[in-house]
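# Overview (structure and organization)
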Amino acid sequence: MTNGAREMIRADDLVKRYGRNDVLRGVSLEVERGQVKVIVGPSGSGKSTLLRCLALLEPIESGHILLDGEQVAGTGTTLRDRQLAPYRSQVCMVFQHFNLFPHMTALENVMVGPVNVRGVSKAHARAEAMDLLTRVRLADKAHRYPSELSGGQQQRVAIARALAVRPKVMLFDEPTSALDPELVREVVDVMEELAADGMTMIVVSHEMRFANEAADSIVMMDDGRVIEEAPPDRFFKNPAHERTRQFLQMVER
């Protein structure tokens, strides 16, 4: 069921540490339904850790995470493993290195979520998976194994696999960073199509062209904090923070 709140996912004052190292230092973030938010910043600024916390793959020390108006992490909220599964099917993460099952074909990789998470029949899951592979322009590779696919093709299968469980939010952690430059565009094209279709997305990326063209808002992180957030036009043309200006000088748009 869908809550009436405008925001789809929200983080309030998140703190995450590993040992004595504070990786997130009070991060707050709000993403509305259908919004695309791109997170940028230098390596080690906490971007990937933030995504892992939002996906409940990492516990938080303090703060709150809400999905569709319901608190799913934070003070007073304790979800056991079996309770986490429904949440994780609503907030799906696409990783840098694809994480496909090597013993399964592209079609089988996309089918596994609907069968195991949504409980649909294999026949129905197969039909849905073919539709999704068509959507990411890989219908002709349905029966190929990951080892027979290029990096860009594997990442598009990973995107189709995430879509197969019908998530409310998709998280992308540097989805093109492991790809050869000529393969980046085919993945970015699919992501731009998802954005145009209204998928709620949080994307950690150094692809400034994608950020400029597809993002509703861009977040700059540094040293475990959000230091600036702005629409693309203002972010690129008139950033408010000196650290943001320094960062943009170091990356290509």
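Residues numbered from 1 in each chain as written. Predicted model: local features only at pLDDT ≥ 70, side-chain atom pairs only at ≥ 80, totals over all residues. Heavy atoms only, no water.

Turning to the overall build of the protein chain, a few remarks are in order. The helix and strand tally for the protein chain stands at nine helices and ten strands. Expected size for 253 residues packed as a compact globule is a radius of gyration near 18 Å; at 18 Å, the protein chain falls within 12% of this value. Based on the C-alpha atoms only, the size of the protein chain along its principal axes is roughly 50 × 45 × 35 Å. Classification of the 253 residues of the protein chain by burial places 52% in the buried group. Within the protein chain, contacts between residues separated by at least 24 positions form 66% of all contacts whose residues are at least 6 apart in sequence. (Helix = DSSP H or I, 4+ residues; strand = E, 2+ residues; numbered from the N terminus. Rg over C-alpha atoms; globule rule 2.2 N^0.38 Å. Buried < 20%, exposed > 50% of the residue type's maximum accessible area, 1.4 Å probe, protein only. Contact = heavy atoms within 4.5 Å.)

This next bit is on the packing of helix α4 (residues 122–135) against helix α5 (residues 151–163). Think of two packed helices as two axes; the pair is described by the angle between the axes and how far apart they sit. Interaxial distance between α4 and α5 falls to 9 Å at its minimum, and their mutual angle equals 135 degrees. As the angle between them shows, α4 and α5 are arranged oblique. As α4 packs across α5, the resulting crossing turns out to be right-handed. Listed contacts from α5 to Leu132, Leu133 and Arg135 of α4 are Val157, Ala160 and Leu163. Looking at side-chain class alone, the contact of α4 with α5 contains five nonpolar, no polar and one charged residues. (Axes fitted to C-alpha atoms, helices over the stretch in contact; angles between N-to-C directions. Parallel < 35°, antiparallel > 145°, perpendicular 65-115°, else oblique. Left-handed = near helix turned anticlockwise from the far one by under 90°. Nonpolar A, V, L, I, M, F, W, Y, C, P; charged D, E, K, R; others polar.)

Moving on, we get to the sheet that holds strand β7 (residues 169–173). Here six strands make up an open sheet; going across it, the order is β6-β7-β8-β3-β9-β10 and the pairing mixed. Pairing within the sheet leaves two strands with one partner each, and these edge strands are β6 (91–94) and β10 (225–230). Here the strands of the sheet are splayed against their neighbours by 20 degrees on average, with no regard to which way each runs. Pairing geometry for strand β9 (residues 217–222) and β10, over five bridges, is antiparallel. Residue pairing for β10: aspartate 222 is matched across the bridge by arginine 225. (Pairing = 2+ DSSP bridges.)

On to the side chain of lysine 47. Its location among the elements puts lysine 47 in helix α1 (residues 47–54). Buried within the structure, lysine 47 lacks any salt-bridge partner; its nearest side chain of opposite charge belongs to glutamate 174, at an N-O separation of 5.0 Å. For lysine 47, the contacting residues outside a window of four places in its chain are Ile39, Val40, Gly41, Pro42, Glu174, Val204 and Met221. (Lys, Arg positive; Asp, Glu negative; His and termini not counted. Salt bridge = Lys/Arg side-chain N within 4 Å of Asp/Glu carboxyl O.)

Take the packing of aromatic side chains next. Within the structure shown, the criterion is met by one aromatic pair. Ring geometry for phenylalanine 235 and phenylalanine 236: centres 5.5 Å apart, planes at 90 degrees, overall edge-to-face. For the pair shown, phenylalanine 235 and phenylalanine 236 are each scored as buried. (Phe/Tyr/Trp six-rings, centres within 6.5 Å; stacked < 30°, edge-to-face > 60°.)

In this section: α4. Between its first and last C-alpha atoms α4 spans 20 Å; for 14 residues at 1.5 Å apiece the expected length is 20 Å, and the two agree. Three or more residues of α4 are buried, namely Ala125, Glu128, Ala129, Leu132 and Leu133. Buried residues of α4 fall within an arc of 140 degrees about the axis and therefore sit on the same side. Of the exposed residues in α4, those oriented more than 90 degrees away from the buried face are Ala123 and Asp131. (Expected span 1.5 Å × (residues − 1). Arc of directions from axis to C-beta.)

Of all hydrophobic cores here, the largest spans 54 residues; its most connected members are Leu133, Ile159, Met170, Phe172, Met201 and Phe210. Element by element, the count of residues in this core is highest for helix α6 (residues 181–196), at eight residues. Filtering out sequence-adjacent residues up to four positions away, methionine 170 remains in contact with Cys92, Val94, Ile159, Ala162, Leu163, Leu194, Met199, Thr200, Met201 and Ile202. Of all hydrophobic cores here, the second largest spans 30 residues; its members include Leu14, Val31, Leu67 and Ile202. (Core = buried A, V, L, I, M, F, W, Y, C linked by side-chain atoms within 4.5 Å.)

Moving on, we come to the pairing of strand β4 (residues 62–67). For strand β1 (residues 7–18) and β4, the ladder comprises five bridges, and the chain directions are antiparallel. Across the sheet, the residue bridging to arginine 10 is leucine 66, located in β4. Bridge count for β4 against strand β5 (residues 70–74) is four bridges, and the pairing is antiparallel. Among the inter-strand pairings, isoleucine 65 is bridged to a residue of β5, identified as alanine 73. The antiparallel pairing of β4 with β5 creates a hairpin that spans two residues between the two strands, and aspartate 68 there sits at a positive phi of about 55 degrees.

With respect to the secondary-structure elements, cysteine 92 resides in strand β6. On the accessibility criterion, cysteine 92 (9% relative accessible area) is buried. Considering only alpha carbons, one finds cysteine 92 and glycine 152, 60 residues apart in sequence, at a separation of 19 Å.

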